[in-house]
Number of protein chains: 4
Amino acid sequence: MSINTIGHLLRLTTWGESHGPAIGCVIDGCPPGIELDAAHIQRFLDLRRPGTGKNVSPRQEADQVRILSGVYEGRTTGTPIALMIENRDARSADYPADAPYRPGHADYAYDAKYGFRDPRGGGRASARETAMRVAGGAVARLAIPNVDIAARVIEIGGEADAGRWEALLDQARSAGDSLGAVVECIATGVPAGWGAPIYAKLDADLASACMGINAVKAVEIGDGFGAARLRGSENADAMRAGATFDSNHAGGIAGGISTGQPIVVRVAFKPTSSIRIAVPSIDAAGNEVESSTTGRHDPCVGIRGAPVVEAMVALVLADHKLLHRGQCGH
Amino acid sequence: MSINTIGHLLRLTTWGESHGPAIGCVIDGCPPGIELDAAHIQRFLDLRRPGTGKNVSPRQEADQVRILSGVYEGRTTGTPIALMIENRDARSADYPADAPYRPGHADYAYDAKYGFRDPRGGGRASARETAMRVAGGAVARLAIPNVDIAARVIEIGGEADAGRWEALLDQARSAGDSLGAVVECIATGVPAGWGAPIYAKLDADLASACMGINAVKAVEIGDGFGAARLRGSENADAMRAGATFDSNHAGGIAGGISTGQPIVVRVAFKPTSSIRIAVPSIDAAGNEVESSTTGRHDPCVGIRGAPVVEAMVALVLADHKLLHRGQCGH
Amino acid sequence: MSINTIGHLLRLTTWGESHGPAIGCVIDGCPPGIELDAAHIQRFLDLRRPGTGKNVSPRQEADQVRILSGVYEGRTTGTPIALMIENRDARSADYPADAPYRPGHADYAYDAKYGFRDPRGGGRASARETAMRVAGGAVARLAIPNVDIAARVIEIGGEADAGRWEALLDQARSAGDSLGAVVECIATGVPAGWGAPIYAKLDADLASACMGINAVKAVEIGDGFGAARLRGSENADAMRAGATFDSNHAGGIAGGISTGQPIVVRVAFKPTSSIRIAVPSIDAAGNEVESSTTGRHDPCVGIRGAPVVEAMVALVLADHKLLHRGQCGH
Amino acid sequence: MSINTIGHLLRLTTWGESHGPAIGCVIDGCPPGIELDAAHIQRFLDLRRPGTGKNVSPRQEADQVRILSGVYEGRTTGTPIALMIENRDARSADYPADAPYRPGHADYAYDAKYGFRDPRGGGRASARETAMRVAGGAVARLAIPNVDIAARVIEIGGEADAGRWEALLDQARSAGDSLGAVVECIATGVPAGWGAPIYAKLDADLASACMGINAVKAVEIGDGFGAARLRGSENADAMRAGATFDSNHAGGIAGGISTGQPIVVRVAFKPTSSIRIAVPSIDAAGNEVESSTTGRHDPCVGIRGAPVVEAMVALVLADHKLLHRGQCGH
């Protein structure tokens, strides 16, 4: 099924294809009375925007967002906030309908599911959709003004030393290849008590929100896979008077509920699937053909992934603030 | 908020505390006409049951499941299937109300959220709840008879060589300590086309379902974090005529939709938080006290986690089968 | 599809067949810290219980409810509340598998949907399920302590004069026939501001909740169909200083949101479909047969419907209280 | 809370205010491969459009719909379909911010809920939102090609004789007053088996969908309130070989599931709340003021309500077709 909505009380629904006339979203359930204008959203969109450097796609999109509803005289009304960005620099000729299934992309899976698809620029599966996640996250942040959310790339191509990233990226780009990345996001200021105990656990919702970002293949909370290698006595976060903790192996979540410590989420982005190097593939008719990408793409999607991770974390946290207030009243 | 239901069309709702009179679940949306009896479910419960060896909790629970509704003359009717297991060997005296918050457990977070909690045996946060996940998964499997789902522990205490696990566990247990584990689950027989493109992606739903299991701190699909260290040319799963693939770095999912390859999920379990070694903590009144666990616990929860991971994967896959059939009709 | 859950934040899931071992429900999302014991729920169940008079089914069911989870030391914990009632006086011999489809019942529709069904006592479609609605409503009331909800029968067999009902019922019963009824429910104490503007309007949710009660065929809010016969100037509820109203044609809801006036809901129950008078029908094999009911039934289901309407109204109002608090914080 | 989405698998989300830059919707979950163009949707929108006669609002809106996503080369892709209509003839000066709360409108309730609101043309509560319901319904119809849905006004101002409506409307309009109406919608071609047995019953979903239309105060299925005045023997729909019925008191639904007979829904629209006749009211500051409407309005909103009822019925039926297929596979 097609499910293009995320969230329980604060819900983001996105729409739009990479090369359609526009992309957009509807943010429903936002608290009323919050100051909001397009410039606030634009600030976050600009962090994700393509065309801004040699390590991100050269596609030129101003990505100017318009607020179409839900804001009156500069404040949210509590009714749905519709946002839209027109697509301007789409070059559909880069994507002929009889092109090979691009390995690592959703092409084959979409055709298997729906029988056909919009092939232009990846259609609905394009990372362009994440612009609307970023826009939604920009609104969500305003509902949790005491929470600070910051994501950064901590690893590119397996290398944690940022001083070496430039050279790695140059090399990969010139080889027509691409690199993966790891992004870490830390949210501070989340009070103890947000979350749910069993199936919409705060960590489960964060995992879903982040795993659903294009190119993400893994999510961990706190020490994550590292915790599986610790002993219980090493992994224990001792508590002290005043509900402080000696450590944060748990990443700020216990039993699906926030503990008041920083929320720590780490996300693995695979290397960009669109590469100039040819890979064996098939076309929709089943013929064996080579696939190589001539369109405009990021050599490392993880770089532009950081603001998207921030946005998803913001959406989940704001949603859980409202959920908590709904049930528990504070 | 309290959210104790998982799934879109096939939905599992669980209830019950570790030391209450019983635990149970309701499985709603199951297709009609499927042969089902308690013995089928019991077989999976027995794999997860405590009291079966020195490396799992010695709590003696027969865990005899009863089917209370939704089955008539041995077949599912399409109406809700209610299951119940009575709790028998609960020793609530092990859990005084003024006990310290146990580090790594949900004790403090629950109190922060709800103001108070049922402290007996972890109450609602007990891993005992996972019995009902296993029961739900046993039913879900029947809705996807062509899919085979198998999970196994692939790492204990950071050690991948299974021949060394026994010694590691003996040592941890005798030290009053515990170990983490990694579980890998592989589902074969999933056709291409299950999943959803944006927010209930098959991998996002698997991440949510698995991250929500007690003690899980990380989830990866396919190469997961390893993919972040590959080049695009290495990570590409080349395709051949007949829609076969040369490799499965993607773990069977592209763009949130299954590709027909085996679905590969890896899950990190932290070491059991209940350990005999004392850890500084506080009690509900804020006093600094030491916490050490004298109750009955698994030295490595990950061992009993494998059947739970299988169950969650089964629930997600069966749900997506129905979702796909609903929208696309095949 | 089988959907056995109602509510957004406060959710009731019911399970069980008329002649299965038990019926039950799970109430999820209830605020924590509310005093609750089985006696409170029992008080409402006793108002709906069969076997209490000549105008209701003579089936003898003590309907003793047990609380299986979600309550600790007399207070709700915020985790799911599971309730169960064992079935004791089921007489399945009254319902042979080759019985005719009973006109007005769900028999034929269930078979058309699911391929087969549990025929004993109406199976899942039995009005016995409404016991769990009443139980859920009893809990929901506690979440809205300032709201008073009272339903009463205002019409039986088209007769509004209650003094004539006894004779009408005696006559219908002796003729092996049955009568319809209209129930009116008034909720006072609902503050202005609960509800939602477009699709989960307070009136839309009340309509759904009440139309879903067995045997209900119509729902109206305020003047309902009567409003369609008024002029705009007659239907207008003039307002005065202090936000008081001169009238309540609107039934306490405008634009899907409560106005602070009493919420007025009216519900039409069709006459009991189970009658002794023979009606032409068919059996599952398609043979023409006569259907007449020899089991135990109410001559007017609407009489026992009043507490069920109250329960559904309580569930909807409590849910919207939480929803409002979630988004708007007060 | 703000809930602007309706549907389980086929979901309509609407956005937009009467005097904002545009209104729009997102239709998610539509089956792929269905032929769809803007002209098809426009045909239904034109039936609801204002400015087309003396008995509907003279507001001049071309209501030209644009398809922004989800359709490729004339066919639905299975991804979200975004539609948008620009607002052109908004006259916001008709709605000063310090205007009285208009009795019968959502003005006061919105302020009570959200603290403030967009007052221009009713803002989000404007019946203009129903254009998007009609657009959504136009798409939904295509998913149920064998179902025919037709609604018509059967009563205006309490008068069932259509020959007298013109005179009644002329008189009400010249008096600055308005009239209510009853709309009946009949859906034929629905097979037996769509629906759900307990909480998302087909009739409950229809009740919710129709009660949520602006100005609707009552919904009935089949004989509705009339059924409450029949005897069981009169209300019984006898069955004959071939699963035919002698009558359709049930309105095509039994136990929440379709029976294969025509689905019959009747809906009561209150008289237009916007009238020229002055009604006592208050303003946002609490001052007593008279309210009378000088903007452009329909003397009988029910007339334009018929296509909206059709649309809501189409959305519910298409959704239940997919739900049924999901669980039962046919």
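Conventions adopted
- Along each chain, numbering runs from 1 in the same order as the chain's sequence is written.
- The order in which chains are written sets their letters, starting at A; the order in which ligands are written sets their numbers, starting at 1.
- Since the coordinates come from a predicted model, pLDDT governs what is reported: local features require at least 70, and pairs of side-chain atoms require 80 or more to be given and counted, while whole-chain, interface and lining totals use all residues.
- Remark: hydrogens and water are excluded; side-chain values derive from all non-hydrogen atoms of the structure.
- At least two bridges found by DSSP between two strands are what make those strands a pair.
- Only runs of H or I of at least four residues qualify as helices and only runs of E of at least two qualify as strands under DSSP, and these elements are numbered from the N terminus.
- Whether two residues touch is decided by their heavy atoms; if any such pair falls within 4.5 Å, the residues are in contact.
- Orientation is described by axes fitted as lines to C-alpha atoms, over the contacting stretch for helices, and by angles from 0 to 180 degrees between their N-to-C directions.
- Put simply, buried area is how much 1.4 Å-probe accessible surface two parts lose in total, over both of them, once they are put together.
- For salt bridges, the criterion is a side-chain nitrogen of Lys or Arg within 4 Å of an Asp or Glu carboxyl oxygen.
- Pairing of N or O atoms within 3.5 Å defines a polar contact, subject to two protein rules: one partner must be a possible hydrogen donor and the other a possible acceptor, and residues neighboring in sequence count only if both atoms are side-chain atoms.
- Residue polarity is assigned by list, with Asp, Glu, Lys and Arg as charged and Ala, Val, Leu, Ile, Met, Phe, Trp, Tyr, Cys and Pro as nonpolar; anything else, Gly included, falls into the polar class.
- Centre distance within 6.5 Å is the pairing criterion for rings of Phe, Tyr and Trp, where only the six-membered ring of Trp is used; planes under 30 degrees apart are then read as stacked, over 60 as edge-to-face, and the remainder as tilted.
- Working rule: Lys NZ or Arg CZ, within 6 Å of ring centre, within 35 degrees of ring normal, means a charge sits over the ring.
- Any angle from 65 to 115 degrees is called roughly perpendicular, while one under 35 is roughly parallel, one over 145 is roughly antiparallel, and all others are oblique.
- Here a crossing is called left-handed whenever its near helix is offset anticlockwise from the far helix by less than a right angle, and right-handed whenever the offset is clockwise.

K.L.:
Just to check I follow, could you spell out the sheet that holds strand β3 (residues 22-28) of chain A for this structure?
P.N.:
Whether parallel or antiparallel, the strands of a sheet pair through hydrogen bonds between backbone atoms. Residues and elements named next belong to chain A. One open sheet holds the 5 strands; their spatial order is β1-β2-β3-β7-β4, and the pairing between them is antiparallel. Two strands in the sheet have a free side with no partner beyond their single neighbour: β1 (5-6) and β4 (65-67). Taken strand by strand, helix α3 (residues 130-143) contacts β2 (11-16), β3 and β7 (81-86), and its axis lies near 30° from that of β3.

K.L.:
Which parts of the structure should I look at to understand the interface of chain A and chain B?
P.N.:
Taken together, the contact pairs 105 residues of chain A with 105 residues of chain B. Carbon and sulfur atoms make up 62% of the area that chain A and chain B hide from each other, which totals about 8,000 Å². The tally of links from chain A across to chain B stands at 4 salt bridges. Of the charged contacts, one joins Glu155 of chain B and Arg229 of chain A as a salt bridge, the two residues approaching to 2.8 Å between their closest N and O atoms. One can count 37 residue pairs in polar contact (both at pLDDT 80 or more) joining chain A with chain B. When grouped by side-chain class, the residues that make up the side of chain A that touches chain B number 58 nonpolar, 30 polar and 17 charged. Strand direction decides the pairing type here: strand β10 (residues 216-221) of chain A and strand β10 (residues 216-221) of chain B, joined by 3 bridges, are antiparallel. Counted as the bridge partner of Val219 of chain A is Val219 of chain B from β10 of chain B.

K.L.:
Any chance you could explain the packing of aromatic side chains here in plain terms?
P.N.:
Think of a pair of aromatic rings as described by two things: how far the centres are apart, and how the planes are tilted against each other in angle. Scanning the model with the defined rule gives 14 aromatic pairs over all chains in all. Pairwise contacts between aromatic rings join Tyr101 and Tyr108 of chain A together with Phe245 of chain B into one cluster. A cation sits over an aromatic face here: Arg75 of chain C above Phe116 of chain B, 4.0 Å from the ring centre. One Lys or Arg, Lys113 of chain D, reaches over the ring of Tyr114 of chain D and ends 5.8 Å from the middle of that ring.

K.L.:
Help me understand the packing of helix α1 (residues 38-48) of chain A against α3 of chain A, please; the structure alone is not making it clear to me.
P.N.:
All names here are of chain A. Between α1 and α3, whose axes approach to 9 Å, the crossing angle comes to 140°. Taken together, the axis directions place α1 and α3 in an arrangement best described as oblique. In this structure, α1 meets α3 at a crossing whose hand is right-handed. Residues His40, Ile41, Phe44, Leu45 and Arg48 of α1 lie in contact with α3, whose contacting residues are Thr130, Ala131, Val134, Ala135, Ala138, Val139, Arg141 and Leu142. For the contact of α1 with α3, the residue count by class is 9 nonpolar, 2 polar and 2 charged.

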